[in-house]
Amino acid sequence: MKKLLIFALLVLPAVLLTVDGGSRLMAHATEDELDEELDVEVESDDASVTQTDEAETDDEPETTKSPDADTFLLFTRPLHSSGSQLELPAGYPVEFLVGFANKGSDDFIVETVEASFRYPMDFNYYIQNFSAIPYNREIKPGHEATVSYTFLPSESFAGRPFGLNIALNYRDASGNQFSEAVFNETVSITEVDEGLDGETFFLYVFLAAVVVLLLVLGQQFLGSYGKRKRSPAVRKTVETGTTNTKDVDYDWIPAETLKKIQNSPKGGKVSPKQSPRQRKAKRAAGSDE
């Protein structure tokens, strides 16, 4: 019994050490596998980030220029001096000239000129695209040519900065295409302060008409009120006839009638109570006598 107990005490620690060592080996192997998996995932993420950056770089507009060509830009409306930020009036046409000089030995063909407004913080983001005007002008070696372009900034853009990109597209005699950005800067769209616009003019006309109408109404009211206050009482005119006999013309009266009137008791005065018929009958009676 003692021998069995001594044997168990000697063998059991060896078995425990063997089992513990195997589990540690398994743990180290598992950790190594996990580390390898993590490294593979990190490398794949880095590869995807690199691919994304390359894709973004590919999305950027490519600007190519021929070594045998020189380009020039001149703003004619509005005028612009180099070294200062360009200010474009909102709602008014903008005009500029693009010059092209052929320094090589082959012909060049100026195809189109186009302009666009870009987001000032990221010129890859388009705000407004203007029409591309085709020219298709052939430029011989040692010659120059100038083309014009006009666009109209919207009035809704007033007071904000935008990136202005002006591109000249041309090709050489071999068919190689070139697209050169002759202008690629931030510009400011300004609001033009007009002295008197149509709305303000008609508003002033309306206010003037209202003032004139009020003055006329006030004058009419004051005139009628003053007449009522100062008008005297109207007296009725009564016809009294002729009172002075000296002013009476008797030439037209017959002599006999005039003699009877003078011999009458009332001195030629006709009683106002006698009617014309009575006076006519009395005259007839007198003539019969």
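As the structure is a prediction and not an experimental result, all values here were calculated from the model.

Of note, the amide linkage connecting R77 to P78 takes the cis form, showing an omega dihedral of 0°. Examined against the element boundaries, P78 turns out to sit in the loop between β1 (69-77) and β2 (87-89). Of note in the backbone geometry, N136 takes a positive phi value of approximately 55° without being a glycine. Structurally, the position occupied by N136 is in strand β6 (residues 133-139).

Right, let's get into the pairing of strand β3 (residues 94-102). Counted residue by residue, β3 has 7 buried out of 9 residues, so it is predominantly covered. Here β1 pairs with β3 via 8 bridges, running antiparallel. Within the sheet, the bridge partner assigned to D70 lies in β3 and is A101. Examined bridge by bridge, β3 and strand β7 (residues 144-151) share 8 bridges and lie antiparallel to one another. From the neighbouring strand, F96 faces β7, where its bridge partner is Y149.

Pairing is antiparallel across the open sheet formed by 3 strands, whose spatial order is β1-β3-β7. Each end of this open sheet is capped by a strand with a single partner; those strands are β1 and β7. Between one strand axis and the next, the sheet turns through 20° on average, direction left out of account.

This part takes up the pattern of salt bridges. Applying the stated criterion to the full structure yields 5 salt bridges. Notably, a salt bridge pairs K140 with D107, separated by 3.4 Å at the nearest N-O pair. With K140 in the loop between β6 and β7 and D107 in the loop between β3 and β4 (108-119), this pair connects stretches of sequence that are 33 residues apart. A relative accessible area of 40% means that K140 is categorised as partly exposed. Take D107: its relative accessible area is 21%, and that puts it in the partly exposed class. Close ionic contact of K140 with E138 constitutes a salt bridge, the shortest N to O distance being 3.2 Å. One connected set of salt bridges, linked through shared partners, spans D107, E138 and K140.

Before going further, it helps to examine the environment of S224. Mapped onto the fold, S224 is located in helix α2 (residues 198-230). A polar atom in the side chain of S224 sits 2.9 Å from the backbone oxygen of F221.

For the rest of this paragraph, the subject is the nonpolar core. Counting residues in each nonpolar core, the largest one holds 31 residues, and the members touching the most others are L88, F117, F151, L164 and I166. When contributions to this core are tallied by element, the ones reaching two or more residues are β1, β3, β4, β7, β8 (161-172) and β9 (177-190).

On inspection of all chains with the given rule, the structure shows 16 aromatic pairs. A centroid spacing of 5.9 Å and a plane angle of 70° characterise the contact between F108 and Y170, whose relative ring orientation is edge-to-face. One end of the pair, F108, is in strand β4; the other, Y170, is in strand β8, and 62 residues separate them in sequence. Summarising the burial analysis for this pair, F108 and Y170 share the class buried. A ring pair is formed by F130 and F151, whose centres lie 4.7 Å apart and whose planes are at 45°; its orientation type is tilted. Taken together, the positions of F130 in the loop between β5 (122-129) and β6 and F151 in strand β7 put the pair 21 residues apart, joining distant regions of the chain. Judged by its relative accessible area of 4%, F151 falls in the buried class.

Each value, and the rule that gives it
Residues numbered from 1 in each chain as written. Predicted model: local features only at pLDDT ≥ 70, side-chain atom pairs only at ≥ 80, totals over all residues. Heavy atoms only, no water. Helix = DSSP H or I, 4+ residues; strand = E, 2+ residues; numbered from the N terminus. Buried < 20%, exposed > 50% of the residue type's maximum accessible area, 1.4 Å probe, protein only. Pairing = 2+ DSSP bridges. Axes fitted to C-alpha atoms, helices over the stretch in contact; angles between N-to-C directions. Salt bridge = Lys/Arg side-chain N within 4 Å of Asp/Glu carboxyl O. Polar contact = N/O pair within 3.5 Å; in protein donor to acceptor, adjacent residues only side chain to side chain. Core = buried A, V, L, I, M, F, W, Y, C linked by side-chain atoms within 4.5 Å. Phe/Tyr/Trp six-rings, centres within 6.5 Å; stacked < 30°, edge-to-face > 60°.

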